[in-house]
Amino acid sequence: MTDSTTRNYLPGTRIEVINPDFPRGPKLYALFDFDGTISLIREGWQEVMIPMMVDLLEDYALPGETREQRYALVHDFVTELTGKQTIYQMIRFAEEIAARGGKPAEPLFYKEMYLDLLWDRIKDRVAGLKNGTIKPEEMVVPGALEMLEALHRRGVTLFIASGTDQPYVIDEATALGVAQYAQGRIYGATADLLNCSKAMVIERLIKENNLQGHEFMGFGDGYVEIEETKQVGGVAIGVATDEKHRGGLDEWKRHRLKGRGADLIIPDFQEYETLIAYLWGEE
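Summarised in this report is the structure supplied together with it. (Residues numbered from 1 in each chain as written. Predicted model: local features only at pLDDT ≥ 70, side-chain atom pairs only at ≥ 80, totals over all residues. Heavy atoms only, no water.)

Along the protein chain, the regular secondary structure elements total ten helices and seven strands. The C-alpha atoms of the protein chain give 19 Å as radius of gyration, which agrees with the globular expectation for 283 residues (19 Å, within 12%). Summarising its shape, the C-alpha atoms of the protein chain cover approximately 60 × 45 × 40 Å along the three principal directions. Scored against the burial criterion, the 283 residues of the protein chain give a buried share of 53%. (Helix = DSSP H or I, 4+ residues; strand = E, 2+ residues; numbered from the N terminus. Rg over C-alpha atoms; globule rule 2.2 N^0.38 Å. Buried < 20%, exposed > 50% of the residue type's maximum accessible area, 1.4 Å probe, protein only.)

Given below as structure tokens:
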């Protein structure tokens, strides 16, 4: 179960066991992050957001500061806030402009600028899914569709929660054919920041359904859903997919997810049958 880098895997799989003592047994509810966990429609969003911010910061460059230094700065705070609503990255960006003596626009202005640029990158993907020229399998983390179907057949109630604006999440989940698994249970960012967080969604579903923590599991590629799942005693599965190559392990994601408390880490869902059996304690 141990490889040359002392990582513990289920035998014959790429399912890494970080915490072998997590509570195993049937799960009643599961929350999935959307972008990077199920969907790859927005793959490359960082390549849009970060350069946009770096370019805008050029007018507020510090003495002797290089573009590479600005890029590193922006990369760090964008990455740190990944998983939260997009507006939080824009709030942090506006604070950076102010800290440099500038007068920033409202964060919503920067968010709309970013979404316009991102749409140019992904519009053909969305259109292709809707007109059938792109198959859903081409725009999801490998095995994600099969995983959702398998959990659905086991009677697990599924939730989808994202930092992306809710109308986009619903539209893209529908285009991928996964909205059917979480009808009425798809959550995204809204103007009411305090009442649309993943923490709120998790807290509400635990309370309203009188769940014990071990009956709940959360899947995600960002720290937010991992930390919030562990906060309520649930089982946290980190999804460390290399999005650009649509498969394989992203070492940076793995390191971050492990550091935030993930019980298991997977590169994708291709071994979903083994994963489910292990979670349920069936082997």
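Moving on: the sheet that holds strand β7 (residues 264-266). Across the sheet, seven strands lie side by side as β1-β7-β6-β5-β2-β3-β4; this open sheet has mixed pairing. The sheet is open, and its two edges are formed by β1 (16-17) and β4 (186-189), each paired on a single side. Pairing of strand β6 (residues 235-239) with β7 involves three bridges; the strand directions are parallel. Each residue of the ladder has a partner; that of Ile-237, found in β7, is Leu-264. (Pairing = 2+ DSSP bridges.)

Looking now at the packing of helix α4 (residues 107-131) against helix α6 (residues 166-176). Between α4 and α6, whose axes approach to 10 Å, the crossing angle comes to 30 degrees. As judged from the angle between their axes, α4 and α6 are roughly parallel. When you trace α4 past α6, the crossing you get is left-handed. Across from Leu-115, Ile-122, Val-126, Leu-129 and Lys-130 in α4, the residues of α6 making contact are Tyr-168, Asp-171, Glu-172, Ala-175 and Leu-176. Class assignment for the residues of the contact of α4 with α6 results in seven nonpolar, no polar and three charged. (Axes fitted to C-alpha atoms, helices over the stretch in contact; angles between N-to-C directions. Parallel < 35°, antiparallel > 145°, perpendicular 65-115°, else oblique. Left-handed = near helix turned anticlockwise from the far one by under 90°. Contact = heavy atoms within 4.5 Å. Nonpolar A, V, L, I, M, F, W, Y, C, P; charged D, E, K, R; others polar.)

Glancing now at unusual backbone geometry. If you check the backbone angles, Asn-210 has positive phi at about 50 degrees while not being a glycine. Although it is not a glycine, Arg-246 sits at a positive phi angle of roughly 50 degrees. Among the structural elements, Arg-246 can be located in the loop between β6 and α9 (251-259).

What follows covers the packing of helix α1 (residues 46-57) against α4. At a closest axis distance of 9 Å, the pairing of α1 and α4 adopts a crossing angle of 135 degrees. Relative to α4, the element α1 lies oblique. Considering the relative orientation of α1 and α4, their crossing is right-handed. Where α1 approaches α4, its residues Glu-47, Val-48, Met-49, Met-52 and Leu-56 are matched on the opposing element by Tyr-110, Met-113, Tyr-114, Leu-117, Leu-118 and Arg-121. A breakdown of the residues in the contact of α1 with α4 according to their chemical character gives nine nonpolar, no polar and two charged.

Further remarks concern the pattern of salt bridges. The tally for this structure, following the rule as stated, stands at 22 salt bridges. With a shortest N-O distance of 2.8 Å, Glu-172 and Arg-42 are connected by a salt bridge. With a gap of 130 residues between them, Glu-172 in helix α6 and Arg-42 in the loop between β2 (29-33) and α1 connect regions that are remote in the sequence. The same class applies to Glu-172 and to Arg-42, which are both buried. Of the charged contacts, one joins Lys-253 and Asp-221 as a salt bridge, the two residues approaching to 3.0 Å between their closest N and O atoms. Here Lys-253, found in helix α9, pairs with Asp-221, found in the loop between β5 (216-220) and α8 (223-231); they are 32 residues apart in sequence, far enough to count as distant. (Salt bridge = Lys/Arg side-chain N within 4 Å of Asp/Glu carboxyl O.)

Bringing the pairing of β5 into the picture now. Among the five residues that make up β5, five are buried, leaving the element largely enclosed by the rest of the structure. Both faces of β5 are covered, namely the face carrying Phe-216, Gly-218 and Gly-220 and the face carrying Met-217 and Phe-219. In this structure, β2 lies alongside β5, joined through four bridges in parallel fashion. Within β5, the residue paired with Ala-30 across the bridge is Met-217. Sheet analysis places β5 next to β6, joined by four bridges and oriented parallel. Paired with Gly-218 across the two strands is Ala-236, which belongs to β6. Running through α8, the crossover from β5 to the neighbouring parallel element β6 is right-handed. (Right-handed = clockwise from strand over helix to strand, strands pointing away.)

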